[in-house]
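The residues making up each chain are set out below.
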Amino acid sequence: MTKIRQKLHAWAEPVERWLPPVRLGILLLALITIFLLFVPPVSGLVDDGTYNLILHANGLREFTGDSNYYKYFVPQFPILQYYNPDAHLYLSLQNVLIQAAILLNKIFYSTKIFDVRFLGAIYTVLFLLACRLLFKGLTHRLTGKKAYLIVLLGVFFLGDTTYTVYFNSFYIEPLDFIMMIAFVGCGLLAFQQTTTRKILKYYSGQVLIAFLFLFVSRQVAFLVSALCISLIGGIIFIRGRQWKLSAIILVIALIPMSIFIGSLYSNSNHNQNVYQSMTLGAMPSTKNPGKSLAEINIRPQNEILRGTSYDAPYAIARSDSATIQKGFIDEINYAKLVWYYGTHPSMLSKLLQTGLENKNVARTKVGVYEKGAVKQGDEDKTFFQWATIAKGFILPKKFGFYFIFAILVISVYIVSCVRGLEMGSKLYAARLWMNCGLLLMMFLAFISPIIISGQTNIIRQLTMSSTLLDLLVLIIISDSLQHDIWITRDTVLLTRAGEDGDANEE
Amino acid sequence: MTQMKNKLLTLFVILVGLISFNWHSPSVQAATTIQNPSKVLVVYDSLNERNHRQEDVQTLSRMLMSMGQQVTMMSMSDYHAEMISKGHYQAVITMINWPGMKFDNPAFDRDRQQFNGKKLHIGPLMTADEKQNFPGNWQEINQQSFILKGQNNRYEQQVDFQRQIQLLDQVTGNEQALSQLVAANGTNQTYPFGIINGQNAYLPFFSSQGATLLSSIQLIAQWLGVHGSYVPYVDVRDFTPLSSFTATKEFIKNLDSFEGNMIITTTSTTQNTDTKTFKNYLKFLREMTRNNRAVVYLNVPALNGVDSSNDDTLMNMLTQEISTLIENKIFPLGISAPTYWNFDKYYQLNALNFGDATLLYNQVNNQDYHTQTSTAKAYQTMFFAIPHSALKNIKWNINGRYTDFTFPMPVTVDYHFPNSKAKAEKINREIKALPFAPMSQYLYQFNTGISTQTQNLRGKDGVISLNGTPVSEIDFHQIKQQTAGIRQNRDQTGHLTTKGIVDKISNVLIVIIVVTLIVLFGMLAIGRKLYLRMFKNRNLKRTKGAKKK
């Protein structure tokens with residue numbers, strides 16, 4: 001028996017030396033993601049009709065030569081050679097990355113055709129960097145088996161191909177995904193440092209990411225105000241009056257910036273969103289849509305539009321006709337909608353329920369092959385989607401569960417916060433704020449797309465909320481493995497060890 | 001319960017049996033269009049969208065279709081040599097919309113010259129060989145305005161100022177002219193408006209409005225040999241479940257005092273048919289068609305862009321709409337659509353072919369073709385819809401209340417369904433003021449109908465019949481029950497079996513979490529008590545941080 005043990009130990013030693021947990025995690029993620037995105041048959045996402053704005057703004061075009069363009073993943077996009085009438089390159093982080101990808105494409109591949117896999121490569125590199133930050137943060141005081149466990153869990157949740165398949169596409173979800181991981185990673189690392197300088201290094205990373213979120217998309221820009229609550233944690237933790245003050249100013253400044261920049265985004269889908277917030281949002285959840293419409297001063301006859309989408313090919317009247325625009329869309333505003341949901345909470349919960357069912361269902365049809373790669377064109381690789389499948393089975397479909405989950409998390413961290421404060425440690429207070437901010441984001445990222453645009457593209461829009469849930473679970477598991485949840489005097493002393501390293505600023 | 005099911009099943013089987021014994025041809029395509037129609041080729045120089053001439057081109061195509069012609073339309077630049085001979089056309093029309101650009105196609109000119117059939121030239125820039133077909137003196141008249149007087153002076157209207165126009169100064173030999181152009185400069189010089197000489201004809205200008213339209217219709221019909229004497233019906237287009245119900249109520253009220261039959265076109269839907277709005281919509285339609293005082297035509301769905309798939313979605317949608325209407329005692333006898341749908345193979349096959357009666361209307365914007373083609377089909381009965389605004393400024397010279405002017409093909413005066421009570425009243429006034437006698441014999445005058453694969457509606461000899469049986473003799477309650485039964489059986493098959501288990505797991509998880517929370521708070525309470533007890537009892541040794549878990 002002992003001989004086997006000895007053998008295991010002998011074997012484990014070089015593994016620990018050459019493949020520490022973080023490195024192993026990154027390696028596994030790299031393997032999985034590269035296999036998914038670059039090894040043929042290649043996976044990616046299909047254009048659902050919304051690519052054209054982004055493509056044209058970046059000097060690309062849809063590949064209209066292929067009649068399967070809207071059915072299968074087509075990785076080639078022609079680069080516009082001549083005058084591009086839509087070339088108003090609006091300031092967006094995604095456009096910056098796309099331009100970088102086009103540059104690489106022109107150097108290494110061709111100046112006429114853009115292969116979206118270059119973008120996938122850029123996303124993968126950023127993804128691995130962000131995950132490295134996160135894994136370092138998660139495994140701070142863990143060694144041995146526990147460290148490997150948390151890293152493997154991280155790989156299991158975050159390497160899930162339903163997230164990474166977005167890298168080979170022009171949707172903004174991958175950017176949300178990667179930046180959220182980096183944000184949480186920076187936060188965790190910031191709280192583990194002992195010298196002010198290092199704390200500031202990671203904390204400013206967090207603030208920078210929050211700031212960059214403003215330039216990703218309209219929905220996320222507004223949500224940055226919620227993210228600021230997470231940043232309050234860092235403010236508490238920072239020592240030194242001048243740093244605290246600047247941090248406070250920055251964070252407070254972020255809130256009006258988020259509202260201002262959010263409203264700057266052109267809301268080209270406004271009519272569609274408004275229409276579908278009713279037809280695919282409020283109306284399907286009631287038994288008598290006509291009555292509900294009358295309650296909020298909208299013509300009850302519009303109930304005949306329940307369940308229709310704005311660009312459905314066949315309709316009673318064209319969506320841009322006066323019948324629809326004046327008779328329906330102009331009568332809707334979000335104030336009415338919020339009032340309606342407020343007075344009919346059961347309708348809201350029904351709507352959220354449907355959203356939930358879509359969120360956690362095993363999404364095996366999302367990523368698709370290029371045509372011809374496999375016998376049946378829209379099969380896809382279902383490998384490594386086990387996290388999503390498992391979540392689909394385990395997580396309850398009742399929205400109330402998430403409330404209870406949030407209460408649980410908050411109460412546990414409040415306890416550790418209070419205890420920590422009693423023992424003179426600010427760390428746990430900071431942690432509490434960060435997790436509260438993440439929880440708030442999770443709820444808002446879930447509710448707001450449903451209210452704003454009904455069930456349009458709901459699977460895509462719920463990616464952010466899903467990511468946050470995964471990250472929170474990872475944080476909790478990591479904290480419990482480190483015995484950081486129910487803290488004792490010893491834990492506090494441990495965390496404060498070396499805090500006086502401030503004296504020699506290094 | 002099973003007894004009831006068996007009963008319904010038997011009835012269903014009987015109905016299927018009845019239908020299968022119906023010898024009516026199931027092929028939707030054969031019965032609706034005219035067999036061996038006369039073929040007309042229209043070649044226009046340009047659509048001249050800047051001056052809105054596409055309306056005129058569409059109107060011309062509709063007019064020809066209503067006259068039972070199979071129309072092929074193309075621009076001069078699309079014409080290739082020998083298309084006329086290869087296409088076996090009986091008539092060729094040249095339409096010049098933009099004389100300033102002087103578009104030209106020598107191959108077309110050549111083929112047309114060699115063509116032996118009927119030829120019509122509309123507009124300026126007649127070629128020399130075309131002019132030779134008309135004996136007489138051609139005069140070029142500049143800067144002149146005219147009054148157009150219809151045949152036998154039944155109507156007249158001042159026409160647009162003409163910068164340059166070529167007219168014969170008089171009619172000679174066997175030539176025919178139906179309308180006259182009278183110079184409005186005081187000289188009262190008269191010229192023929194439009195001239196026919198045997199196979200050849202000429203129209204100096206064409207318009208989709210006013211007296212010009214009426215005179216153009218007469219000339220073209222005469223030239224093609226289309227004879228008929230139709231008094232216009234009235235059509236009110238696009239009643240939908242979204243139409244204002246107050247306007248509808250006013251409209252129906254006014255229907256009582258109208259003596260003629262109206263054709264009402266409606267766009268239905270297959271979704272949300274269980275809502276109160278849809279039930280009201282059906283109720284209104286039934287009210288409108290009470291005693292067959294109005295006839296319903298089914299309008300094709302509006303398009304938000306084109307559905308480029310080649311599947312049966314459109315056909316199934318229309319089939320279901322028709323079925324729902326029939327169940328609810330509404331019997332559409334024709335199909336209504338924008339003109340461009342008849343220039344599209346997919347829409348012809350999947351929508352227009354349902355009926356042998358159509359009513360087409362102009363739509364120049366938002367044309368979402370699926371499979372565009374240049375040849376339209378000729379349906380057995382096609383009403384030419386004239387927008388009521390086109391008849392506005394015509395001065396009718398009438399003896400009595402109504403004019404005796406008739407059209408050579410079926411015509412309707414076209415109104416859009418009102419969206420307010422005020423508009424409904426306005427339409428009512430205008431209809432009652434029309435110079436045409438109200439026609440109330442639709443079901444006797446026309447033999448029209450639509451059919452799906454299982455249902456065949458026909459209106460003729462004063463009676464509407466479904467699959468051969470007059471609808472007054474059919475029990476629709478039964479049909480409704482049967483189709484409801486079929487739909488119900490279909491719904492029950494999509495049942496998930498894992499749903500129950502997953503629900504149970506969620507409940508278990510919630511219970512676990514709630515219990516954990518209770519335990520947590522309980523322990524907090526106990527711990528606090530223990531902690532405080534330390535300080536209450538001062539006799540015990542004071543230890544900071546006594547052991548807590």
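Small disclaimer: the values here were computed from a predicted structure and weren't measured. (Residues numbered from 1 in each chain as written. Chains lettered and ligands numbered in written order. Predicted model: local features only at pLDDT ≥ 70, side-chain atom pairs only at ≥ 80, totals over all residues. Heavy atoms only, no water.)

**Quick notes on the overall build of chain A**
Across its full length, chain A carries 22 helices and 5 strands. When burial is assessed residue by residue, chain A has 56% of its 506 residues classed as buried. Looking at chain A alone, contacts between residues at least 24 apart form 76% of all its contacts between residues at least 6 apart. For chain A, the exposed area adds up to about 22,300 Å²; of that, 66% sits on carbon and sulfur atoms. (Helix = DSSP H or I, 4+ residues; strand = E, 2+ residues; numbered from the N terminus. Buried < 20%, exposed > 50% of the residue type's maximum accessible area, 1.4 Å probe, protein only. Contact = heavy atoms within 4.5 Å. Areas by Shrake-Rupley, 256 points an atom, 1.4 Å probe, with all protein chains shown as cover.)

**Re the pairing of strand S22 (residues 448-451) of chain B**
Residues and elements named next belong to chain B. Neither face of S22 is open: one carries Thr448 and Ile450, the other Gly449 and Ser451, and all of them are buried. Bridging between S22 and strand S23 (residues 456-460) involves 4 bridges; their strand directions are antiparallel. Residue pairing for S23: threonine 448 is matched across the bridge by glycine 459. Between S22 and S23, which pair antiparallel in sequence order, lie 4 residues. (Pairing = 2+ DSSP bridges.)

**What about a nonpolar patch on the surface?**
A grouping of Leu103, Leu104, Ile107, Phe108 and Tyr109 of chain A is seen on the molecular surface, where their side chains present a nonpolar patch of about 550 Å² in accessible area. Following the sequence through the fold, tyrosine 109 of chain A ends up in the loop between helix H4 (93-108) and strand S3 (113-115). (Patch = residues over 30% accessible without salt bridge, like charges linked within 9 Å, V, L, I, M, F, W, Y side chains within 5 Å. Salt bridge = Lys/Arg side-chain N within 4 Å of Asp/Glu carboxyl O.)

**Focus on unusual backbone geometry**
Residue and element names in this part refer to chain B. Positioned with a positive phi, asparagine 36 is a non-glycine residue whose angle comes to about 50°. Mapped onto the fold, asparagine 36 is located in the loop between helix H2 (28-32) and strand S1 (38-44). When its relative accessible area of 79% is taken as the criterion, asparagine 36 is described as exposed. The residue aspartate 461 is not glycine, and still its phi comes out positive at about 55°. Examined against the element boundaries, aspartate 461 turns out to sit in the loop between S23 and strand S24 (463-466). A relative accessible area of 55% places aspartate 461 in the exposed class.

**Topic: a positive patch on the surface**
Residues and elements named next belong to chain B. Where like charges cluster on the molecular surface, the positive patch consists of Lys249, Lys276, Lys279, Lys283, Arg286, Lys329 and Lys480. In terms of residues, the positive patch owes the most to one element, helix H9 (residues 276-288), which gives 4 residues. Within the element layout of this structure, lysine 480 appears in helix H14 (residues 476-491). Its relative accessible area of 37% is what places lysine 480 among the partly exposed residues. (Lys, Arg positive; Asp, Glu negative; His and termini not counted. Charge placed at Lys NZ, Arg CZ, Asp CG, Glu CD.)

**Some details on the sheet that holds strand S18 (residues 357-361) of chain B**
Residue and element names in this part refer to chain B. The strand order S13-S14-S15-S17-S18-S19-S21 describes a closed barrel built from 7 strands, whose pairing is parallel. Strand-to-strand twist of the sheet, defined as the mean angle between neighbouring strand axes without regard to direction, takes the value 35°. Bridge count for strand S13 (residues 233-239) against strand S21 (residues 411-416) is 5 bridges, and the pairing is parallel. Residue pairing for S21: valine 236 is matched across the bridge by tyrosine 415. Packed on one face of the sheet, helix H3 (residues 54-66) meets S18 and strand S19 (381-387) and runs near 145° to S19. (Axes fitted to C-alpha atoms, helices over the stretch in contact; angles between N-to-C directions.)

**Points about the environment of proline 338 of chain B**
Residue and element names in this part refer to chain B. If you trace the backbone, proline 338 turns up in strand S17 (residues 332-338). The spatial distance from the C-alpha of proline 338 to the C-alpha of asparagine 362 is 5.8 Å, given a sequence separation of 24 residues. Residues within four places of proline 338 in sequence aside, it is in contact with Val300, Leu360, Tyr361 and Gln363.

**Comments concerning the confidence of the model for chain B**
Low pLDDT marks regions whose predicted coordinates should not be analysed in detail. Residues and elements named next belong to chain B. Looking at chain B as a whole, its pLDDT mean stands at 86, while 89% of the residues score no less than 70. Across residues 21-30 the pLDDT falls below 50, and counting only partners more than four positions away or on other chains, this stretch makes 10 contacts in the model. Residue range residues 490-497 is modelled with pLDDT below 50. Its contacts to residues more than four positions away, or to other chains, number 0 contacts. With a pTM of 0.76, the predicted complex shows an ipTM of 0.76. (pLDDT = per-residue confidence, 0-100.)

**Description of the side chain of asparagine 261 of chain B**
Residue and element names in this part refer to chain B. Along the chain, asparagine 261 turns up in the loop between helix H8 (245-255) and strand S14 (262-266). Residue classification places asparagine 261 among the buried positions, given a relative accessible area of 8%. Polar side-chain contacts of asparagine 261 include one of 3.3 Å to the backbone oxygen of asparagine 292. In contact with asparagine 261, not counting residues within four places along its chain, are Tyr233, Val234, Asn292, Arg293, Met439, Ser440, Gln441 and Tyr442. (Polar contact = N/O pair within 3.5 Å; in protein donor to acceptor, adjacent residues only side chain to side chain.)

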